[in-house]
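Overview (structure and organization)
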Amino acid sequence: MAGRRASFFVISTGSITRLLEIENELASYRVAPFDSVHALGVVSINYARFELTHVWMLAAVGNMKERQAAVISARTNPSDRVKLIETFITHAEWSDEALAAIKHYLKAMGILTTNRNVLVHSNMVEAWKDQTAIYSISRKGTTNIIRSSLEEIRQVADDLNEYFDFGHMLSNYIASEVHRAALEAGMMVVSKVPPLPPMPFTLILASVQRRRPETLF
């Protein structure tokens, strides 16, 4: 996407050479384009980090201890966490700015989770014109397909990183400035609602009739 910074993927020529060497060392066969496989790995790592903000936002909006929120988060899926946070919102007074920021985070959380699930729970093969084909079989027997560029996969990773920072700052703001919780070791001091990042990029699925994967492209 224009204007969005792919911060995790600015690497030197020497680094690219080393990545190609590592590719040759790891496997004697090609799973998918190596740079797309690498980008997918960054998506997975960044999502695990982003999930930490689910705990922090539960704790902050619900005005509870982080350990309590961690127990709840471990026993719920992302959709349930969104519903819980939406319920907790109704039990406190919010400024318009803070409420808008929370709702912005929750909307983005849904997009980020869907993007991650699409990528992590699908197969990846090399397609054509520098595109990576990502597909999965639905319960109805249709094949869900994304014909995705490397840049789009990288964008998903960068969006997750950006919303990790946003969720971290927003949860600390809510805890300290809304609920007046005492700052704990490691907490970031945030005195204002952080700026809202752009909504994340959305991967687009296309459903087709089920066919053998090698005939899809």
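A brief report on the enclosed structure follows. Please read all numbers here as calculations on a predicted model, not as lab measurements.

Now for the overall build of the protein. Scanning the protein from terminus to terminus reveals 6 helices and 4 strands. For the protein, the N- to C-terminal ordering of α and β elements is α-α-α-α-α-β-β-β-α-β. Within the protein, the fraction of its 217 residues that count as buried is 40%. Pairs at least 24 apart in sequence give 70% of the contacts found in the protein among residues at least 6 apart. By element, 54% of the accessible surface of the protein is carried by carbon and sulfur atoms, the whole surface being about 12,600 Å².

Right, let's talk about the packing of aromatic side chains for a bit. Evaluated as defined, the whole model comprises 4 aromatic pairs. Relative to Phe50, the ring of Tyr47 lies with its centre 6.2 Å away and its plane at 55°, an arrangement referred to as tilted. Residue Tyr47 and its partner Phe50 are located together in helix 2 (residues 34-62), separated by 3 residues, close to a single helical turn. Each member of the pair, Tyr47 together with Phe50, is buried. Between Tyr163 and Phe166, the ring centres sit 5.8 Å apart and the planes meet at 80°, which makes this aromatic pair edge-to-face. Of this pair, Tyr163 and Phe166 both sit in helix 6 (residues 150-178), 3 residues apart, which is roughly one turn of the helix. Take Tyr163: its relative accessible area is 0%, and that puts it in the buried class. Judged by relative accessible area, which is 2%, Phe166 ranks as buried.

What follows is about the packing of helix 4 (residues 78-89) against helix 5 (residues 96-120). Put simply, helix 4 and helix 5 touch, their axes get as near as 10 Å, and they point 170° apart. When the interaxial angle is binned, helix 4 and helix 5 end up roughly antiparallel. Residues Pro78, Arg81, Val82, Ile85, Glu86 and Ile89 of helix 4 form the contact with helix 5, whose own contacting residues are Leu99, Ile102, Leu106, Met109 and Thr113. Along the lines of polarity and charge, the residues of the contact of helix 4 with helix 5 split into 8 nonpolar, 1 polar and 2 charged.

What counts, and at which threshold
- Residues numbered from 1 in each chain as written.
- Predicted model: local features only at pLDDT ≥ 70, side-chain atom pairs only at ≥ 80, totals over all residues.
- Heavy atoms only, no water.
- Helix = DSSP H or I, 4+ residues; strand = E, 2+ residues; numbered from the N terminus.
- Buried < 20%, exposed > 50% of the residue type's maximum accessible area, 1.4 Å probe, protein only.
- Contact = heavy atoms within 4.5 Å.
- Areas by Shrake-Rupley, 256 points an atom, 1.4 Å probe, with all protein chains shown as cover.
- Phe/Tyr/Trp six-rings, centres within 6.5 Å; stacked < 30°, edge-to-face > 60°.
- Axes fitted to C-alpha atoms, helices over the stretch in contact; angles between N-to-C directions.
- Parallel < 35°, antiparallel > 145°, perpendicular 65-115°, else oblique.
- Nonpolar A, V, L, I, M, F, W, Y, C, P; charged D, E, K, R; others polar.

Keep in mind these numbers describe shape, not what the thing actually does.
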